[in-house]
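# Working through the structure, step by step
Take a look at the letters that make up each chain.
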Amino acid sequence: MEAEQSSISVDANSTSEYLDAEGDPEANDSETHFYQEADHDEEAELQNHSIISELRDGLGADQSTALSPEPGQTKATSVESLALSTSTSAKTEDSNSGQEEEHDYQHDSVWRGQKKHIFILSEAGKPIFSLHGNEDKLATLFGVIQALVSFVQLGQDAITSIHAAGMKFAFMQRSSLILVAATRSNMSVQQLHLQLGDVYNQILSILTYSHMTKIFEKRKNFDLRRLLSGSERLFYNLLANDSSSAKVSNNIFTFLTNSIRVFPLTTTIRSQITSTIQSNCSKIKNLVFAVLIANNKLIALVRMKKYSIHPADLRLIFNLVECSESFKSSENWSPICLPKFDMNGYLHAHVSYLADDCQACLLLLSVDRDAFFTLAEAKAKITEKLRRTHCLEAINEELKQPFNAKLYQQVVGIPELRHFLYKPKSTAQLLCPMLRHPYKSLEELACLEAIYCDLLHRIHNCARPLKLIYEVKEREVVLAWATGTYELYAVFEPVVDKATVIKYVDKLIKWIEKEYDVYFIRNHATF
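In what follows, the accompanying structure is described. (Residues numbered from 1 in each chain as written. Predicted model: local features only at pLDDT ≥ 70, side-chain atom pairs only at ≥ 80, totals over all residues. Heavy atoms only, no water.)

## Here's the deal with the overall build of the protein
On a plain count of helices and strands, the protein comes out with 20 helices and 19 strands. Within the protein, buried positions represent 55% of all 527 residues. Of the roughly 23,500 Å² of accessible surface on the protein, a fraction of 50% belongs to carbon and sulfur atoms. (Helix = DSSP H or I, 4+ residues; strand = E, 2+ residues; numbered from the N terminus. Buried < 20%, exposed > 50% of the residue type's maximum accessible area, 1.4 Å probe, protein only. Areas by Shrake-Rupley, 256 points an atom, 1.4 Å probe, with all protein chains shown as cover.)

## Looking at helix α13 (residues 267-281)
An ideal rise of 1.5 Å per residue puts 21 Å on 15 residues; α13 measures up with 21 Å between its terminal C-alpha atoms. All of the buried residues along α13 are I269, R270, I273, T274, T276, I277 and C281. Each buried residue of α13 lies within a common arc of 155° when the element is viewed along its axis, so the set occupies one face. (Expected span 1.5 Å × (residues − 1). Arc of directions from axis to C-beta.)

## Thoughts on helix α15 (residues 372-388)
Relative to the 24 Å expected for 17 residues at 1.5 Å per residue, α15 spans 25 Å between its end C-alpha atoms, a close match to the ideal helical length. Tucked inside the fold, the buried residues of α15 contact α13, β9 (287-294), β11 (332-336), β12 (347-355), β13 (358-366) and α16 (391-400). (Contact = heavy atoms within 4.5 Å.)

## A few points about the side chain of N134
Inspection of the secondary structure puts N134 in the loop between β4 (127-130) and α7 (139-154). A polar contact is formed between the side chain of N134 and the backbone nitrogen of D136, at a distance of 2.8 Å. (Polar contact = N/O pair within 3.5 Å; in protein donor to acceptor, adjacent residues only side chain to side chain.)

## Re the sheet that holds strand β5 (residues 161-164)
Across the sheet, five strands lie side by side as β4-β3-β7-β6-β5; this open sheet has antiparallel pairing. Looking at strand neighbours, the two that pair on one side only are β4 and β5, the edges of this open sheet. Strand-to-strand twist across the sheet, computed as the mean angle between neighbouring axes with direction ignored, equals 15°. Bridge count for strand β3 (residues 116-122) against strand β7 (residues 177-183) is seven bridges, and the pairing is antiparallel. Bridging from a neighbouring strand, I118 pairs with A181 of β7. Strands in contact with helix α8 (residues 189-207) are β3, β5, β6 (167-174) and β7; relative to β6, the strand with the most contacts, it is inclined by about 40°. (Pairing = 2+ DSSP bridges. Axes fitted to C-alpha atoms, helices over the stretch in contact; angles between N-to-C directions.)

## Quick word on the packing of aromatic side chains
Within a pair of aromatic rings, the relevant descriptors are the distance that separates the centres and the angle that separates the planes. Under the definition given, this model contains 14 aromatic pairs. Their ring planes at 80° and their centres at 5.8 Å tell us that Y307 and F341 sit as a pair that is edge-to-face. Of this pair, Y307 sits in the loop between β10 (297-303) and α14 (311-323) while F341 sits in the loop between β11 and β12; the two residues are 34 residues apart in sequence, bridging distant segments of the chain. Exposure class is identical for Y307 and F341. Each is buried. The structure contains a cluster of three or more aromatic residues connected by ring pairs, namely Y422, W481, Y486, Y516 and F520. (Phe/Tyr/Trp six-rings, centres within 6.5 Å; stacked < 30°, edge-to-face > 60°.)

## Notes on the pattern of salt bridges
Applying the stated criterion across every chain, the model contains 17 salt bridges. Between R225 and E135 there is a salt bridge whose closest N-O contact spans 3.2 Å. Remark: E135 occurs in the loop between β4 and α7 and R225 occurs in helix α10 (residues 225-228); sequence separation between them is 90 residues. Pair check on accessibility: R225 and E135 agree, each one buried. Between E377 and K381 there is a salt bridge, with its nearest N and O atoms 3.5 Å apart. Here E377 pairs with K381, and both are found in helix α15, just four residues apart, close to one helical turn. Among the residues examined, E377 registers a relative accessible area of 46% and is labelled partly exposed. Judged by relative accessible area, K381 falls into the partly exposed class, the value being 42%. (Salt bridge = Lys/Arg side-chain N within 4 Å of Asp/Glu carboxyl O.)

## Considerations on the packing of α13 against α15
Contact geometry of α13 with α15 gives a least axis separation of 9 Å together with a crossing angle of 145°. As α13 packs across α15, the resulting crossing turns out to be right-handed. Taken together, the residues of α15 that come into contact with α13 (itself represented by I273, T276, I277, S279, N280 and C281) are A378, K381, I382, K385 and L386. Considering only residue class, the contact of α13 with α15 consists of six nonpolar, three polar and two charged. (Left-handed = near helix turned anticlockwise from the far one by under 90°. Nonpolar A, V, L, I, M, F, W, Y, C, P; charged D, E, K, R; others polar.)

## Focus: the side chain of D313
Looking at where D313 falls in the secondary structure, it is placed in helix α14. In this structure, D313 is buried with no salt-bridge partner, the nearest side chain bearing the opposite charge being K340 at 7.1 Å. (Lys, Arg positive; Asp, Glu negative; His and termini not counted.)

## A few points about the pairing of β11
Most of β11 is tucked away, with five of its five residues classed as buried. Every second residue of β11 is oriented toward a common face, with N332, S334 and I336 on one face and W333 and P335 on the other, all of them buried. Where β11 lies against β12, five bridges are found, and the strand directions are antiparallel. Note that in β12 the partner of I336 across the bridge is L347.

## Examining the packing of helix α17 (residues 405-412) against helix α19 (residues 498-514)
Following both chains from N to C, one finds α17 and α19 inclined at 165°, their axes separated by 11 Å at the closest point. Classified by the angle between their axes, α17 and α19 sit roughly antiparallel to one another. Regarding α17 and α19, the two cross each other, and that crossing is right-handed. Listed contacts from α19 to K406, L407 and Q410 of α17 are K507, L508 and W511. The residue inventory of the contact of α17 with α19, partitioned by class, reads three nonpolar, one polar and two charged. (Parallel < 35°, antiparallel > 145°, perpendicular 65-115°, else oblique.)

## Points about the nonpolar core
Counting residues in each nonpolar core, the largest one holds 124 residues, and the members touching the most others are L224, F253, I273, I277, F289, I299 and F341. Among the elements that line this core, the one with the most residues is α8, at ten residues. Those residues in contact with I273 that sit more than four places away from it in its chain are L265, L292, I299, A300, L386, C391 and I395. Residues L488, I512, V518 and F520 belong to the second largest nonpolar core, which totals 27 residues. (Core = buried A, V, L, I, M, F, W, Y, C linked by side-chain atoms within 4.5 Å.)

Have a look at this one:
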């Protein structure tokens, strides 16, 4: 094994120290996969294999005559009904005033001054989505994007990014779609590709890859907005998780680290919840996943043997639940495609909150389109048992707190520690504390986001991944540390010295190891 190289980089306002991980082939492999996940998607798209079709083939003929939900509980069986049932459109043609129709966004200083833009169009140049402004009024811009992509393709190449006038433009081409992100933020091109990947997965979750491909094979200039109408809110919410929106949230860090967060519960309570789901669902044929979530965090996941759920798919589920207020008032039956599990088919999801007095949402996902009443009965039994065992009470106690008490006490116990991210390499789960001073404002959150974007890019750089970064800046001291078992990113007050940082990091790691099962799920149970 090669000796680790060390060097020091100095600029006017900071000093940096880092260890190079090039000599560690295992590290290289893992970091390459982190940022090149989209390439794996491209290979998967070429396959016609469908897991859901295989599972559905096992359904008995007798289930074809199973009862369907009553009129008040109608299943959403088409692409259009799924889009309309999951959200209320944030912008419709009827809402556009005459003034907006004549508006020239490209000469609007407010529109041009937005920190981030996302554009989606078909390969034929047909507008599909714009994060800001009406895409119909941006037809000229979409035409330029399509021309750029086509021109580069003529040279048997693909455009990935453009850097100009302090902005980055990241391009992604997927199955007849062109997705573009333009930003002035510190996000790297690879990080922008991760976000575009989430947006693309959101489209597939509504339409499926096979359906969308068939549409464009028949009509290259098809207006995909006809099928996505009503689901715009899903895209806005998915893209509102960073400082470019008016929302101060920790959610930005889950997509940057390609992970999810876990709802903190004691080992006893989480085990009781998991075993309750197992015992009431184990005999239900063709139930693939049972997912219990609250506050954009995973409480429990039980899965069919041999199958697992990707964090990118879980983020889509979180986004769907967060955007759908209707789930709180009734039981719902909706088809949903989980692209990482199977991009060519729908799972049918029974979605409902456990109880009026417990805002935890349970999703039971099956390949059986006629399993609504079976799953509704299972959900009722699960809720009843969780109430008897005081699990609902434990969930509510945690939900009532603005932040987790144990985690807050630990952070307060290290007064010089402003914020941190901790991600075990064995799971795609993330631990980060609540945002507190000085990161309570959008402006300061943008600074924190920029710090983490820079650290993550350097640690996961495909050409030269690093293992350790220690940097003294004008306003903070930052640390990034990638070991064989975890990644830690931390921001400290500017007054601390290296010895103090090492002491605090050691203290934090020991505490996380002690409380690991409260904040992480080691293994997901099976039916």
